[in-house]
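Spelled out, the chains give:
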Amino acid sequence: LLMAVMSTGSAEVIAVTSIIVYDIYKDYICPFRRDLAEDDCVLCGNKRENAASAEEKCVCTPISSCTICYEEDFVRQTQTSVFRQYTCRTHAAYRNYLEMLLGKKNIYIVVVTVATVPLVLLADAAGLNLGWLYLFMGVLIGAAVIPIGMALFWSRTTAAGMIAGATVGSVLAVICWLGTAASFPGGLGGGNFIKNSGDQVSMIVGNLVSILLGGAICATVSAVQSYGKPSEELTQEWEKTRNVDNPLKPWGPTYQSDYKMQSANKLNDRPSFEEIRRFCRRPRITALVAGIGLSLVLIIIWPAGMLGVGVMDGTVFQHWVNVSQTWAFLAAAFVIIVPLVQEVVSISKNYRVNKANRKDDPEVFENGMSNGMSTVVLNSSDSVSRL
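Residues numbered from 1 in each chain as written. Predicted model: local features only at pLDDT ≥ 70, side-chain atom pairs only at ≥ 80, totals over all residues. Heavy atoms only, no water.

Focus on unusual backbone geometry
For D35, which is not glycine, the phi torsion reads 55° and is therefore positive. Relative to the helices and strands, D35 is located in the loop between α1 (2-29) and α2 (67-78). A relative accessible area of 80% places D35 in the exposed class. (Helix = DSSP H or I, 4+ residues; strand = E, 2+ residues; numbered from the N terminus. Buried < 20%, exposed > 50% of the residue type's maximum accessible area, 1.4 Å probe, protein only.)

Structural data, given as structure tokens:
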């Protein structure tokens, strides 16, 4: 139990630190480029799409095609005792910026860890337990669940709708949660706060109000704001989500083989939205069927079946234990075996691709560098030779 709690606490500290550094500090306090439009390249600042002229068009190459970065990474791996700044003209500034953020993250890990100590002592002094905190977390953040899902699946979702749903839904949930707890004997005073606020009915009311009202408010505000907008404008708004990308390892070249792209040597080489829908049709159907099916089984069918059982005798309870154990063993086998099979299939696929590439001539990658910088020949075995 101690190891589980320590592991969970460590993960939460790292998660909070990542939010502070990469979602707040990186985006709002010290961004790499300020006033960057949605379709601008982070590395060069030029347009990835819809450029007015050739000079304004991004021509940056992915880091996987950059020989200078390959050399520098090789040197860093072999000479770990010497700190070296990146020097590639295309990627160096951004990679050094990420190194700075990593240093900030290490500092904030210590700060967040130290800051959690008084919070833990305060919660212990108040008599709170993990069960109460877990259920209360649903009251506070449950209002953001449906708005986040709507942002992924509904193009008419607006920022104001998400903010209104998350904030107003959370406030109303806390009010209903405390109101329900105050209706129990003893109310919220006289040492009854933890007992009555942690009651199952109070927590169920708070969580349901948070989840349902958060989604309803988000849907209402978004529908009002997006009413009358043409479908072309909504499609353009939806395209902005595809610009959320890693400039060093863009998803176009990374998943080039999956989307059967002929060329993906630039950051803006990526499949269209229609291509993505076509290639992801099978995983999408699998996710929908599995998600809806498991939800029906775990939320409706299984509990409904248990209601008809009544009070169990020894024989019936033994059957219930056997069913539970079978479910647990099947779930554990799935979690253990499926990732192994996927890795074996992936390794086999990569091996066949590399074996086929050995039949071809070595491919020369150049990232536009000149002025004395060496050209590197990269073959399938990742060997490096200077020309």
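A word on the side chain of S226
Relative to the assigned elements, S226 resides in the loop between α8 (200-225) and α9 (231-239). Here S222 takes part through its backbone oxygen, which lies 2.7 Å from a polar atom of the side chain of S226. (Polar contact = N/O pair within 3.5 Å; in protein donor to acceptor, adjacent residues only side chain to side chain.)

Quick notes on the nonpolar core
Formed by 17 residues in total, the largest nonpolar core has its most connected members in L43 and C88. For this core, the elements supplying multiple residues, two or more each, are α1, α2 and α3 (92-125). Ranked by residue count, the leading element in this core is α3, at four residues. Counting residues in hydrophobic clusters, the runner-up holds seven residues, among them F136, V139, A173 and W177. (Core = buried A, V, L, I, M, F, W, Y, C linked by side-chain atoms within 4.5 Å.)

Concerning the pattern of salt bridges
Applying the stated rule across the entire model yields four salt bridges. Salt-bridge contacts for D73 lead to R95; the nearest nitrogen and oxygen are separated by 2.9 Å. Here R95 lies in helix α3 and D73 lies in helix α2, a separation of 22 residues in the sequence. On the accessibility criterion, D73 (24% relative accessible area) is partly exposed. Across the pair E99 and R76 runs a salt bridge whose closest N-O atoms are separated by 3.3 Å. One end of the pair, E99, is in helix α3; the other, R76, is in helix α2, and 23 residues separate them in sequence. (Salt bridge = Lys/Arg side-chain N within 4 Å of Asp/Glu carboxyl O.)

Details of the packing of aromatic side chains
Per the counting criterion, the structure on display carries nine aromatic pairs. Ring geometry for W132 and F136: centres 5.1 Å apart, planes at 20°, overall stacked. Taken together, the residues span about one helical turn, with W132 and F136 both in helix α4 (residues 130-141) at a distance of four residues. An aromatic cluster is built from W132, F136, W177 and F193, whose rings are joined through pairwise contacts. Geometry around Y86 places R76 over its ring, the cationic atom sitting 4.0 Å from the centre. (Phe/Tyr/Trp six-rings, centres within 6.5 Å; stacked < 30°, edge-to-face > 60°. Lys NZ or Arg CZ within 6 Å of the ring centre and 35° of its normal.)

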